[in-house]
Amino acid sequence: MTVDTPQPRPTPQSRPVPLGPRSVTALALVSAVGVIAFGWPFLAPPTSQVSAHAQDAPWLFAGLLVLLVAVVAATISESGLGPKAVAMLGVLAATGAALRPLGAGTAGIEPMFFLLVLSGRVLGPGFGFVLGSVTMFASSLLTGGVGPWMPFQMLAMGWFTMGAGLLPGPDRLRGRAELLLLAGYGFLAAFVYGTVMNLAGWPFMGALASNVAFDPDAAVPANLARFIAYCVATSLGWDLGRAIVTVVLTVTLGPAILKALRRATRRAAFEAPVTFDAPAA
């Protein structure tokens, strides 16, 4: 007579920071304001007061984004950022901040990005947004990169890491397929991050006599053409380097780091306990 051994029934992977309605609402509102802060050169008509103060607008948006990122981080924290999650947040943020100066941005060699992709994947979008923002803040203090661009970097990196947590199949997809998914996301998101950050600095070029600078008096199609030319001329090579480094590190180091992160979440009791089906009669 054979006895059927009860098999563990897979349960959905819980997250260190579950996103409740308040957190989702805060993220949506901050993201909406962030889109306006980044894209105002294409949203405000030439006759608007924002375009008339093109040199002041980035500073105003930067101050606003600092407050909004702080608000959304506090809201997410109230949703369940316990001591274990805070400890993991500190370790990962410190590691990411330490990785950033290794390449110093030379030719796009920025190993910090691959760690945030893997962390967002395992720990979820809520934790990912906070981790991305805090890591960028800590690395800016470490490298002395503090300026009006820093709040934009914090928000963009929060989006970058949160996006990895929103990728499909967090409970089922494993192995080579998951690595390819993460590598593909990291490759594309590296270009998106660079393009978004170009929007934050591009309006500062308004005073320069250049055919790629932002022109407050020009129509949207003309400024869009200028912006594309600006991205190709100034950052395409850097974004490509960042994308390649992210893919290479994700493929080579990804399996070990994903395993370590998942083991850490289990030991921290982030995941729901395993349940068993009753044995067959």
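Residues numbered from 1 in each chain as written. Predicted model: local features only at pLDDT ≥ 70, side-chain atom pairs only at ≥ 80, totals over all residues. Heavy atoms only, no water.

Colleague: Give me the lowdown on the overall build of the protein chain, citing residues and values where you can.
Modeller: Secondary structure summary: the protein chain contains nine helices and two strands in total. Listed by position from the N terminus, the elements making up the protein chain come as β-α-α-α-α-α-α-α-α-α-β. Residues counted as buried form 47% of the 281 residues belonging to the protein chain. For the protein chain, the proportion of contacts with a sequence separation of at least 24, taken over those separated by at least 6, is 81%. Of the roughly 13600 Å² of accessible surface on the protein chain, a fraction of 72% belongs to carbon and sulfur atoms. (Helix = DSSP H or I, 4+ residues; strand = E, 2+ residues; numbered from the N terminus. Buried < 20%, exposed > 50% of the residue type's maximum accessible area, 1.4 Å probe, protein only. Contact = heavy atoms within 4.5 Å. Areas by Shrake-Rupley, 256 points an atom, 1.4 Å probe, with all protein chains shown as cover.)

Colleague: Outline the packing of helix α7 (residues 176-201) against helix α8 (residues 220-234), listing residues and values.
Modeller: It is at 11 Å that the axes of α7 and α8 come closest, and there the two elements cross at 120 degrees. You can see that α7 and α8 cross each other, and the crossing is right-handed. Only Phe 227, Tyr 230 and Cys 231 of α8 make contact with α7, whose side of the interface consists of Thr 195, Asn 198 and Leu 199. (Axes fitted to C-alpha atoms, helices over the stretch in contact; angles between N-to-C directions. Left-handed = near helix turned anticlockwise from the far one by under 90°.)

Colleague: Residue-level account of the pattern of salt bridges, with values.
Modeller: One pass over the structure, following the stated rule, counts five salt bridges. A salt bridge links Arg 242 to Glu 110, with the shortest nitrogen-to-oxygen separation between them at 2.6 Å. You can see Arg 242 sitting in helix α9 (residues 236-267) and its partner Glu 110 sitting in the loop between α4 (83-103) and α5 (112-143), a full 132 residues away along the chain. Across the pair, exposure class does not vary: Arg 242 and Glu 110 are buried alike. Two residues, Glu 178 and Arg 262, come together in a salt bridge whose shortest N-O distance is 2.6 Å. With Glu 178 in helix α7 and Arg 262 in helix α9, this pair connects stretches of sequence that are 84 residues apart. Residue classification places Glu 178 among the buried positions, given a relative accessible area of 2%. (Salt bridge = Lys/Arg side-chain N within 4 Å of Asp/Glu carboxyl O.)

Colleague: Please provide a residue-by-residue account of a nonpolar patch on the surface, values included.
Modeller: A surface patch of nonpolar side chains, about 430 Å² in accessible area, is lined by Phe 187, Leu 188, Leu 240, Ile 244 and Val 248. For the nonpolar patch, the secondary structure elements donating two or more residues are α7 and α9. With three residues, the single largest contributor to the nonpolar patch is α9. Tracing the backbone through its elements, the reader meets Ile 244 in helix α9. (Patch = residues over 30% accessible without salt bridge, like charges linked within 9 Å, V, L, I, M, F, W, Y side chains within 5 Å.)

Colleague: I'd like a rundown of the side chain of Asp 239, residues and numbers included.
Modeller: Relative to the helices and strands, Asp 239 resides in helix α9. Of note is the side chain of Asp 239, whose polar atom sits 2.8 Å from the side chain of Arg 242. Apart from the residues within four sequence positions on either side, Asp 239 is in contact with Ala 190, Phe 191, Gly 194 and Thr 195. (Polar contact = N/O pair within 3.5 Å; in protein donor to acceptor, adjacent residues only side chain to side chain.)

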